[in-house]
Structures are given as structure tokens and as C-alpha cells.
Amino acid sequence: GQNIDQPTEMTATEGAIVQINCTYQTSGFNGLFWYQQHAGEAPTFLSYNVLDGLEEKGRFSSFLSRSKGYSYLLLKELQMKDSASYLCAAPSGGSYIPTFGRGTSLIVHP
Amino acid sequence: NAGVMQNPRHLVRRRGQEARLRCSPMKGHSHVYWYRQLPEEGLKFMVYLQKENIIDESGMPKERFSAEFPKEGPSILRIQQVVRGDSAAYFCASSPVSDIAVETQYFGPGTRLLVL
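Note that the structure is predicted; figures quoted are calculated from it, not measured. (Residues numbered from 1 in each chain as written. Chains lettered and ligands numbered in written order. Predicted model: local features only at pLDDT ≥ 70, side-chain atom pairs only at ≥ 80, totals over all residues. Heavy atoms only, no water.)

Peer 1: Lay out the environment of A:S65 with the relevant residues and their values.
Peer 2: Residue and element names in this part refer to chain A. Turning to its location among the elements, S65 is positioned in strand 7 (residues 60-65). Accessibility expressed as a relative area gives 8% for S65, which makes it buried. For the pair S65 and T23, spaced 42 residues apart in sequence, the C-alpha to C-alpha distance is 9.7 Å. (Helix = DSSP H or I, 4+ residues; strand = E, 2+ residues; numbered from the N terminus. Buried < 20%, exposed > 50% of the residue type's maximum accessible area, 1.4 Å probe, protein only.)

Peer 1: Please give an account of the interface of chain B and chain A that cites residues and values.
Peer 2: Between chain B and chain A, the contact holds 23 residues from the first and 18 residues from the second. For the pairing of chain B and chain A, the buried interface totals around 1,600 Å² over both sides, and the portion due to carbon and sulfur atoms is 62%. Our count for the contact surface shared by chain B and chain A stands at zero salt bridges. Here chain B and chain A share three residue pairs in polar contact (both at pLDDT 80 or more) between them. Of all elements in the fold, only strand 4 (31-37) and strand 5 (43-50) of chain B reach the threshold of two or more residues within the side of chain B that touches chain A. Considering only residue class, the side of chain B that touches chain A consists of eleven nonpolar, six polar and six charged. (Contact = heavy atoms within 4.5 Å. Buried area = accessible area lost by both parts, 1.4 Å probe. Salt bridge = Lys/Arg side-chain N within 4 Å of Asp/Glu carboxyl O. Polar contact = N/O pair within 3.5 Å; in protein donor to acceptor, adjacent residues only side chain to side chain. Nonpolar A, V, L, I, M, F, W, Y, C, P; charged D, E, K, R; others polar.)

Peer 1: Residues and numbers for the state of the cysteines, please.
Peer 2: Tallying each qualifying case throughout the model produces two disulfides over all chains. Disulfide partner of A:C22: A:C88, at an S-S distance of 1.9 Å. Of note, the bridge from A:C22 to A:C88 carries an S-S torsion of about -70° and is left-handed in sense. Of the two residues, A:C22 sits in strand 3 (residues 18-26) while A:C88 sits in strand 9 (residues 84-91), which places them 66 residues apart along the sequence. Comparing A:C22 with A:C88, the two get one shared label, buried. Across the disulfide from B:C23 sits B:C92; the S-S distance is 1.8 Å. Handedness here is read from the sign of the S-S torsion; for B:C23 and B:C92, about -50°, the answer is left-handed. Of this pair, B:C23 sits in strand 3 (residues 19-24) while B:C92 sits in strand 9 (residues 88-95), and the two are 69 residues apart along the sequence. (Disulfide = S-S within 2.5 Å.)

In short, shape yes, function no, at least from these values alone.
The structure is reproduced here in C-alpha cells:
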């Protein structure tokens, strides 16, 4: 199976950059997902990385290092609306069903 | 193109009653997944279904819980004889065919079950 670790909570200032880390222990690897979840709402897909390196999508970028079992989500030019929980998820080898971390609660303040 | 639909959005039940949660996948998606989320916790996988077929139910409690995805109509997660510990948010997600590759899951708005 998978063991996903990410920080419980982070705070940052509006306009700043924040990096949310995720480490995983895997019995195989089938890529890594990041989702955003606002309080009381559904998770929404942000990114899926299967190859090493950085993938950029506007203000959000996601990085993966398979050899280190490590990923991060980078949020630039933070806005108040970015306050949410960010979920790291990875399917274990042989499965297509992702195991989710507990999520990192990001608080953006003025 | 409508997204994943779930109903009801909120459901209140007394201990011992039955709860039925419905999920209609996104158009063109044939795979459905159910997750449970407790406050301050991550999403816990429960069951994965295709039309008329349960693919993986390794995350579902052996008793009182069942799921189906009939040929016609929505997927249903049924909880019989609910207990207070069943109170949680239940999310449904759907994806297109994923037999050969990992597919992105798209989530519904969830059903918040409260057991009194």
C-alpha cells in the first residue's frame, strides 16, 4: 500500500509563495495527484505527475522526484481564495485507486 | 456537461435507520468510487465500481455497508442500521475507463451524513 505524509497546516501571506511538501512510501508507483478542497466542498483536481520534474500550470506548479519519494505543490502570488486544504494522493503499484494524505490546511492572511 | 452529482447533500438519520446515498457520474464516465471523510482527516477509499460490477471493495466495512452501480440509474451507497460513528462526509468520484492507466477522478459535492 501507500503511506502519504504532508504537513497538517501552513500559513502564508497574500502575494507570497508557499511550498507544500508530500512524501510517500510506495510498494509501486503510478503517479501522484494534488487536489484542492475548500471547506465543505468537493476536492478539485490540480495536477498529476508521473515523471520527475516540475510541471507548471499558471500560479500552481507541482514537482516530483520518484527516487526520493517526494513531491511538492508550489503556489505563487497567493490569494485569499487559495485558503483551502491541499490533498496529496498516490495509487499504489498494481492499483489505480489513490491513497490520500490527510491534507495540508493552508491559511492565507492579508 | 454536468459534473458528478450526489444527493442528498445533507442527510440526517437516527441510530438504527438506513441511509441511501446516490451518485450520478460525469457524462461519459463509467467508473465510480466512494470515499468517506471524517473531520480533520483525509479521504478514505471505500469501494470502486463499474456498471453492474464491484471491482474493489477493500475499504468498505464488511457489515452494514453495501454499494451498487446498476445498468440504469445512479450508484448507491447503502448504510444499514446506522450508528453515530457513521457520521461523515461521503464523496463520490468518477473517472473514464481506467483499466490500463490511472485516470483522474472528478469528485461530487458530497453527502454529509449526521446520525443522531
